[in-house]
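Here's the letter readout for the chains.
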Amino acid sequence: VFGNLITTSALKNFGIFPSLIISGVVFAIFHYAVYQANPFYMYMAFLFRVLAGVALVKFGSILPGFVGHVLVNTLAVITNS
């Protein structure tokens, strides 16, 4: 949803840099409950979404962000088990 809907919609209206920031902030807020409002993890979610947005702009595909998200979630599950 974030990679395809929010980022691409924002790109049409605001340009690259503001779109990446907007998408990152929305992604971090969306993950607020998941990270129990931990500022470090909120920042990491923001940073991940910005990097996934850069990949979206560079490659024109949501696949890099999707694969990255699957890897991060898989590592989180493995390390928290």
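These notes cover the structure that comes with them. (Residues numbered from 1 in each chain as written. Predicted model: local features only at pLDDT ≥ 70, side-chain atom pairs only at ≥ 80, totals over all residues. Heavy atoms only, no water.)

1. Observations regarding the environment of Y32
Assignment of secondary structure puts Y32 in the loop between α2 (16-30) and α3 (39-59). Residues Y32 and A45, 13 residues apart in the sequence, show an inter-C-alpha distance of 9.4 Å. Beyond its immediate stretch of four places on either side in the chain, Y32 contacts A37 and M42. (Helix = DSSP H or I, 4+ residues; strand = E, 2+ residues; numbered from the N terminus. Contact = heavy atoms within 4.5 Å.)

2. A closer look at the nonpolar core
A general tendency of soluble globular proteins is for nonpolar side chains to be buried together. Core analysis: the biggest nonpolar cluster contains seven residues, these being L20, F27, A28, M42, A45, F46 and V50. Secondary structure elements with two or more residues in this core: α2 and α3. (Core = buried A, V, L, I, M, F, W, Y, C linked by side-chain atoms within 4.5 Å. Buried < 20%, exposed > 50% of the residue type's maximum accessible area, 1.4 Å probe, protein only.)

3. Thoughts on the packing of aromatic side chains
Evaluation of the coordinates by the stated rule reveals three aromatic pairs. Taken together, a centroid distance of 6.1 Å and an interplanar angle of 35° make the contact between F27 and F48 tilted. Linking F27 in helix α2 with F48 in helix α3, this pair joins segments that are 21 residues apart in sequence. For the ring pair F40 and Y41, a centre distance of 5.3 Å and an interplane angle of 70° mean the geometry is edge-to-face. Residue Y41 is classed as partly exposed on the basis of its relative accessible area, which comes to 42%. (Phe/Tyr/Trp six-rings, centres within 6.5 Å; stacked < 30°, edge-to-face > 60°.)

4. Description of the layout of surface pockets
Volume-wise, the largest pocket comes out at about 430 Å³. Forming the walls of the largest pocket are 15 residues, and the residues nearest its centre are Y35, Y41, V72, N73 and A76. Grouping the constituent residues of the lining of the largest pocket by class yields ten nonpolar, five polar and no charged. (1 Å grid on protein atoms, 1.4 Å probe; cavity = no way out; pocket = protein on both sides within 12 Å on 5 of 7 lines; lining within 4 Å. Points joined across faces, edges and corners; volume = space filled by probe spheres on them. Nonpolar A, V, L, I, M, F, W, Y, C, P; charged D, E, K, R; others polar.)

5. Topic: α2
With 15 residues, α2 extends 21 Å from end C-alpha to end C-alpha; this agrees with the ideal 21 Å at 1.5 Å per step. Burial in α2 covers these residues: S19, L20, S23, G24, F27 and A28. Seen along its axis, α2 keeps its buried residues to an arc of 160°; they face one direction. (Expected span 1.5 Å × (residues − 1). Arc of directions from axis to C-beta.)

6. Section: the side chain of H31
Looking at the secondary structure, you find H31 in the loop between α2 and α3. In this view, H31 contacts M42 and H69; residues no more than four positions away in its chain are not counted.

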